[in-house]
Amino acid sequence: MKFIDIKKCSKVYKNGVTGIADLDLEIDRGEFVFIIGTTASGKSTLIKLLYREEKPTKGMVIVGGINVAKLRNSKVYKLRRKLGVVFQDFKLLPKLTVYENVAYGLNTLGLKGSEIKPKVMEALEHVGLKDKTRSFPNQLSGGEQQRVCIARAIVNNPKLLICDEPTGNLDPDTSKEIMDVIEKINKELKTTVVMATHDKDIVNRMKKRVITIENGIKVSDKMKGSYKVHESN
Amino acid sequence: MRAIRILVRSIRDAFKSVFRNFSLSIASIACIAITLILVAISLALSSNVNHFTQNIEKELSIVVYLKQDVDENRKNEIEKEIKHMASFDSLEFKSKDDWKKEMEQSLTGLEDVIKEMDSNPLYDSILVKVKNSSDLNATTNAISELEGVESANYGKDSVDQLLIIFKVIEKAMLVIVVALILVTAFLISNTIKLTIYSRRNEIEIMRLVGTSNTAIKLPFEFEGLFLGLIGSIIPVLIAIYSYIIVYDHFDGYLFSHMIELVKPNELLVYVSLILVAIGGAVGMVGSWHAVRKYLKI
Ligand SMILES: Nc1ncnc2c1ncn2[C@@H]1O[C@H](COP(=O)(O)OP(=O)(O)OP(=O)(O)O)[C@@H](O)[C@H]1O
Ligand SMILES: [Mg+2]
């Protein structure tokens, strides 16, 4: 079975808007996949289906052996422990330090302080922020804040890292830094990465698998692809 | 171990939260405190009235008047029959001459009139005590059935009337307390709702990183419990101090030894436990409601 296996999946929102229509998609363990498309094409909807923020209206979504479509609300946490999510807006807790932000999840899982520390330090090492553990989010640059988010997402060694426009708020140079960090995580930790973006430069430069969505429909799926949304019309 | 750490963490979070939103917490705490003070007053009152009516009933005798034509033999037989009754405790014969003397002493001004009477119009009587005041009524009825008994009764009406008045007061108190409990639960629920709102970012992150629903809910449920428990401390202290002061002030009796008050150590442990239990329960119900309604996970 594929690591991510989506079959005949549709998502129609309550107001009748179709987010995703009849999607088939398979992603292997360890892959690095871009989801691209114009605004409102359904990228975020697809991402939300993967971490069960939204439930599919039809079809099957399997992530790491868990049937997401059938997952009850009270069991969603089991899925979330197997993956990490990074957003455009960082969602850091402003009153907590870098260290505490990364450790937050592990704390609420009931881990011991002595178990938490090495995990947090390792995650911060991966994103190159080991010397900023005591800083608060408002003392960091945008790129640094996003790196804290990545550390928080990978601290529990997830098999899957999901990113929804992680570079959307960052300038090109910082975006490149962030992409380097994510690529390194994909290579070194063998973490599967699924990233929605409309940053042409990044997609064109990295030569990864690219899935293009238009109006909720998958219009292309290319290995070593590039950003050609408009050419496909 | 993990469960214990999650529990400790929840308790700590809940405590912080109580003090972080202190102005709101204080409203809930004050409301529960007022409610519980009323509960305490009701409890102290009702147990004292119960105690008092029980004492009074213990003192009550059945007064059995014998018919004028009952002779010494029949009188002895009646006494024997009463002694065989299950609830019989003790009896005392009081002849019509005893009654007459008593009246002469108590009805000053009329003593001459009474002395002048050549025949005694009063009845011979037997005063009967029963072991258990709840048997008063049945025993009285049984005695009045006996041959040669003119009538048998006890001071039933006065006790019953007191009980009726008290039942009304008790019911009114109950209505007020229930209404206050509802208001308090609502206030606590509202406080928790604001905590949930103020912590919505944290909740979002917890959901994202896979914190179980139980672990997310626990701090909010503890917060309600704490509000309830903190709110019950003041009423417990007030109840203990004021009851002891009242008890000492009256030396344990009201109306010159007519009413004996319940001893503080008998009453206060039970009242305190009830207050704490109600406080905790109201707090939990309030937070449970808020978590169900506002914590969408
Ligand atoms: N919660 C929602 N309720 C109703 N409609 C929604 C909801 N979320 C998204 N939509 C609609 O679904 C469609 C797809 O939205 P989605 O957020 O997936 O687009 P997107 O590709 O991520 O766009 P962008 O690049 O702007 O982030 C849009 O038409 C949007 O209005
Ligand atoms: Mg989007």
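Predicted model only: the values in this text are computed from it and were never measured. Each chain carries its own residue numbering, running from 1 in the written order of its sequence. Chain A is the first chain written and ligand 1 is the first ligand written, with later ones labelled in order. Totals for whole chains, interfaces and linings use all residues, but because this is a predicted model, local features are given only for residues with pLDDT of at least 70 and pairs of side-chain atoms are given and counted only at 80 or more. Excluding hydrogens and water, the side-chain figures rest on all heavy atoms present in the structure.

### Points about the overall build of chain B
Piece 1. On a plain count of helices and strands, chain B comes out with 10 helices and 6 strands.
Piece 2. Seen through its principal axes, chain B has C-alpha atoms that stretch 105 × 40 × 30 Å.
Piece 3. We call a residue buried when its accessible area falls under 20% of the maximum for its residue type, exposed when it is over 50%, and partly exposed in between, using a 1.4 Å probe and counting protein chains only. The buried share of chain B, reckoned over its 297 residues, is 43%.
Piece 4. Pairs at least 24 residues apart make up 82% of the contacts formed inside chain B by residues separated by at least 6 positions.
Piece 5. With an accessible surface of roughly 16,800 Å², chain B has 62% of that area assigned to carbon and sulfur atoms.
Piece 6. The charge count treats Lys and Arg as positive and Asp and Glu as negative. His and the chain ends do not count. A charged residue contributes its charge at one atom only: NZ of Lys, CZ of Arg, CG of Asp or CD of Glu. Positive and negative side-chain charges in chain B, numbering 31 and 35 respectively, have mean positions lying 23 Å apart. Helix and strand definitions here come from DSSP, where helices need a minimum of 4 consecutive H or I residues and strands a minimum of 2 consecutive E residues; each element is numbered from the N-terminal end. Note on contacts: a residue pair qualifies if any of its non-hydrogen atoms lie within 4.5 Å across the two residues. The accessible surface values rely on the Shrake-Rupley method and a 1.4 Å probe; as for residues, cover is taken only from the protein chains in view.

### Describing the side chain of histidine 126 of chain A
Residues and elements named next belong to chain A.
Piece 1. By the element assignment, histidine 126 lies in helix 4 (residues 113-126).
Piece 2. For histidine 126, a relative accessible area of 14% corresponds to the buried category.
Piece 3. If we ignore the near neighbours within four places in the chain, the residues touching histidine 126 are Ile154, Val181, Lys184, Glu188 and Leu189.

### Here's the deal with helix 5 (residues 142-154) of chain A
The periodicity of an α-helix, 3.6 residues per turn, causes residues three or four places apart in sequence to face the same way.
Piece 1. One less than the number of residues in a helix, times 1.5 Å, gives the span that helix is expected to have. Between its first and last C-alpha, helix 5 of chain A extends 19 Å over 13 residues, near the 18 Å set by a 1.5 Å rise per residue.
Piece 2. Within helix 5 of chain A, 12 of the 13 residues are buried, which leaves it mostly tucked inside the rest of the structure.
Piece 3. All of the buried residues along helix 5 of chain A are Gly143, Glu144, Gln145, Gln146, Arg147, Val148, Cys149, Ile150, Ala151, Arg152, Ala153 and Ile154 of chain A.
Piece 4. Against the buried residues of helix 5 of chain A lie strand 6 (83-87), helix 3 (98-108), helix 4, strand 7 (160-164) and helix 6 (172-188) of chain A together with helix 8 (200-209) of chain B.

### A short note on empty space enclosed by the protein
Piece 1. Note on definitions: the grid is 1 Å and covers protein atoms alone; a cavity is a set of points where a 1.4 Å probe fits but cannot get out; a pocket is an open set with protein on both sides within 12 Å along at least five of seven lines; lining residues have an atom within 4 Å of a point. Grid points are joined across faces, edges and corners, and a volume is the space filled by probe spheres set on the points. Counted according to the given criterion, the structure contains 4 cavities of 30 Å³ or more.
Piece 2. Size it by volume and the largest cavity reaches roughly 160 Å³.
Piece 3. As for the largest cavity, its lining consists of 17 residues, and the residues nearest its centre are Leu83, Arg152, Ala153 and Val155 of chain A together with Val209 of chain B.
Piece 4. Counting residues per element, the ones that place at least two in the lining of the largest cavity are strand 6, helix 3 and helix 5 of chain A together with helix 8 of chain B.
Piece 5. Gly falls in the polar group here, along with every residue not listed as nonpolar (Ala, Val, Leu, Ile, Met, Phe, Trp, Tyr, Cys, Pro) or charged (Asp, Glu, Lys, Arg). Classifying every residue of the lining of the largest cavity by side-chain character gives 11 nonpolar, 3 polar and 3 charged.

### So, the pairing of strand 2 (residues 18-27) of chain A
All names here are of chain A.
Piece 1. Each pair of strands is called paired provided DSSP finds at least two bridges between the two strands. Inspection of the sheet shows strand 1 (residues 4-12) paired to strand 2 by 6 bridges, in the antiparallel sense. Residue pairing for strand 2: lysine 11 is matched across the bridge by isoleucine 20.
Piece 2. A loop of 5 residues connects strand 1 with strand 2, the two strands running antiparallel in sequence, and glycine 16 in this loop sits at a positive phi of about 95°.

### Comments concerning the interface of chain A and chain B
Piece 1. On the side of chain B, 19 residues touch chain A, which itself brings 20 residues to the contact.
Piece 2. Buried area is a sum: the accessible area each of two parts loses on coming together, probed at 1.4 Å, counted once for each and added. Both faces considered, chain A and chain B share a buried interface measuring about 1,900 Å² in area, 56% of it formed by carbon and sulfur atoms.
Piece 3. Of all residues in chain A, Arg80, Tyr104 and Thr108 of chain A bury the most surface against chain B, accounting for 29% of the area lost on that side.
Piece 4. For this document, the term salt bridge refers to a Lys or Arg side-chain nitrogen within 4 Å of an Asp or Glu carboxyl oxygen. Applying the counting criterion to the chain A and chain B interface returns 1 salt bridge.
Piece 5. Between lysine 91 of chain A and glutamate 204 of chain B there is a salt bridge whose closest N-O contact spans 2.9 Å.
Piece 6. Whenever a nitrogen or oxygen atom comes within 3.5 Å of another N or O atom, the pair is scored as a polar contact, on the condition that within protein one atom can donate a hydrogen and the other can accept it, and that pairs from neighbouring residues in sequence are kept only if both atoms are in side chains. Our count for the contact surface shared by chain A and chain B stands at 6 residue pairs in polar contact (both at pLDDT 80 or more).
Piece 7. Elements represented by at least two residues in the side of chain A that touches chain B include exactly helix 2 (76-80), strand 6 and helix 3 of chain A.
Piece 8. It is helix 3 of chain A that provides the largest number of residues to the side of chain A that touches chain B, a total of 4 residues.
Piece 9. The residue makeup of the side of chain A that touches chain B, split by class, is 8 nonpolar, 6 polar and 6 charged.

### Digging into the pattern of salt bridges
All names here are of chain A.
Piece 1. Under the definition given, this model contains 22 salt bridges over all chains.
Piece 2. The salt bridge involving glutamate 31 is made with arginine 209; its shortest N-O contact spans 3.0 Å. Placement of the pair is glutamate 31 in the loop between strand 2 and strand 3 (32-36) and arginine 209 in strand 9 (residues 209-214), with a sequence separation of 178 residues. The same class applies to glutamate 31 and to arginine 209, which are both buried.
Piece 3. The partner of aspartate 180 in a salt bridge is lysine 176, with the nearest N and O atoms 3.4 Å apart. On the criterion of helical spacing, the pair formed by aspartate 180 and lysine 176 is a turn pair, its members being 4 residues apart in helix 6.
Piece 4. Connected via shared salt-bridge partners are Glu31, Arg209, Lys218 and Asp221.

### As for the side chain of asparagine 48 of chain B
All names here are of chain B.
Piece 1. Its place among the elements puts asparagine 48 in helix 2 (residues 22-59).
Piece 2. Taking relative accessible area as the criterion, asparagine 48 reaches 11% and is therefore assigned buried.
Piece 3. Reaching out from asparagine 48, the side chain makes a polar contact with the side chain of tyrosine 243 at a distance of 3.1 Å.
Piece 4. Excluding residues that lie within four positions of it along the chain, asparagine 48 makes contacts with Tyr243, Glu260, Leu261 and Val262.

### Topic: the site of ligand 1
All names here are of chain A.
Piece 1. Any residue with at least one heavy atom within 4 Å of a molecule or strand is counted as near it. For ligand 1, the set of nearby residues contains 13 residues, the closest of which are Thr39, Ala40, Lys43, Ser44 and Thr45.
Piece 2. Serine 41 has a polar backbone atom sitting 3.2 Å from an oxygen atom of ligand 1.
Piece 3. At a separation of 2.7 Å, an oxygen atom of ligand 1 approaches a polar side-chain atom of serine 44.
Piece 4. Class assignment of the residues belonging to the shell around ligand 1 gives a composition of 3 nonpolar, 8 polar and 2 charged.

### What about the domain arrangement of chain B?
Put simply, an interface is often sized by how much accessible area is lost when its parts join up.
Piece 1. For every domain, the bounds stem from an assignment made automatically or drawn from a database. Domain annotation for chain B reports domain 1 (2-56 + 161-295) and domain 2 (61-153).
Piece 2. Taken over C-alpha atoms, the centre of domain 1 of chain B sits 53 Å from the centre of domain 2 of chain B.

### Points about the environment of lysine 58 of chain A
All names here are of chain A.
Piece 1. Its location among the elements puts lysine 58 in strand 4 (residues 58-63).
Piece 2. Under the relative-accessibility criterion, lysine 58 is labelled exposed at 56%.
Piece 3. For the pair lysine 58 and serine 74, spaced 16 residues apart in sequence, the C-alpha separation works out to 21 Å.
Piece 4. Filtering out sequence-adjacent residues up to four positions away, lysine 58 remains in contact with Lys8, Cys9 and Ser10.

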